[in-house]
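Letter by letter, the chains look like this.
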Amino acid sequence: MDISEKEFAVIREIHNNHLPDQRTIAIRTGISLGLTNLIIKRLIKKGYIKAKQLDRKKIQYLLTPKGFSEKAKKSYNFTVKTIGTFTAIREKLQQFITEECQKGAVEFAVSGSGELADIVEFALKNMPGQPVKFSRSSREPIDGGKTLLSVSTADKSYIVDIMDRLVDSGLFYQ
């Protein structure tokens, strides 16, 4: 029995807060109060959380061992998926860089400050075989905050939008 992303968000919020009420859970997860109420009832029925009446108006929600186990499993699966995505992006970038080197590229310059720029820099630093010459500008490029790679050959330079390149490779869809 797998839990949805919204159920997981509610479980995570209950785990992270000492005495969350439904309104707080709804605000912090971005889920409507009515849907939060339904999700909590569903999670209680599934055995992931339990509710304890503290007084007439206050209810404490607690993660059960089953709920904690599900949270851990979902977190683990997310981590594994993230690492797989990172590896796939790095491999595609290294394949692209290798192809550019075979076409005569002698130097690369990464422009951008986000995670994608960090992955491009990591890919360049960890090229299999021959190291490549590159530089990194952490300033955001003028073109809408994109991560750009300037490729220089002996006689010309050109700029590649990394996300466009990853989309073209079939790794991502727009």
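Above this text you will find the structure in question.
Just so you know, these numbers come straight off a predicted model, no measurement behind them.

**Looking at the sheet that holds strand β4 (residues 134-137)**
Consideration 1: The mixed open sheet is built from four strands, whose spatial order is β4-β3-β5-β6. The sheet is open, and its two edges are formed by β4 and β6 (157-161), each paired on a single side. Each strand of the sheet is rotated relative to its neighbour by a mean of 20 degrees, with strand direction disregarded.
Consideration 2: Note: strand β3 (residues 107-111) against β4, four bridges, orientation parallel. The residue of β4 that forms the bridge with Val 110 is Arg 136.
Consideration 3: Set on the sheet, helix α5 (residues 115-125) makes contact with β3, β4 and β5 (148-152); between it and β4 the angle comes to about 165 degrees.

**Comments concerning the side chain of Ser 152**
Consideration 1: Position of Ser 152 among the secondary structure elements: in strand β5.
Consideration 2: Engagement of the side chain of Ser 152 in a polar contact is seen with the side chain of Ser 157, the distance being 3.0 Å.

**A closer look at the nonpolar core**
Consideration 1: In terms of nonpolar packing, the biggest core is built from 20 residues, with Leu 93, Ile 97, Phe 108, Val 120, Leu 124, Leu 149 and Ile 162 touching the most fellow members.
Consideration 2: Where this core is concerned, the elements lending two or more residues are α4 (65-102), β3, α5, β5 and α6 (162-168).
Consideration 3: The leading source of residues in this core is α5, at six residues.
Consideration 4: When residues no more than four places from it in sequence are discounted, the contact partners of Phe 108 are Ile 97, Glu 100, Cys 101, Leu 124, Val 132, Lys 133, Phe 134, Ser 135, Leu 149, Ser 150 and Val 151.

Calculation rules
Residues numbered from 1 in each chain as written. Predicted model: local features only at pLDDT ≥ 70, side-chain atom pairs only at ≥ 80, totals over all residues. Heavy atoms only, no water. Pairing = 2+ DSSP bridges. Helix = DSSP H or I, 4+ residues; strand = E, 2+ residues; numbered from the N terminus. Axes fitted to C-alpha atoms, helices over the stretch in contact; angles between N-to-C directions. Contact = heavy atoms within 4.5 Å. Polar contact = N/O pair within 3.5 Å; in protein donor to acceptor, adjacent residues only side chain to side chain. Core = buried A, V, L, I, M, F, W, Y, C linked by side-chain atoms within 4.5 Å. Buried < 20%, exposed > 50% of the residue type's maximum accessible area, 1.4 Å probe, protein only.

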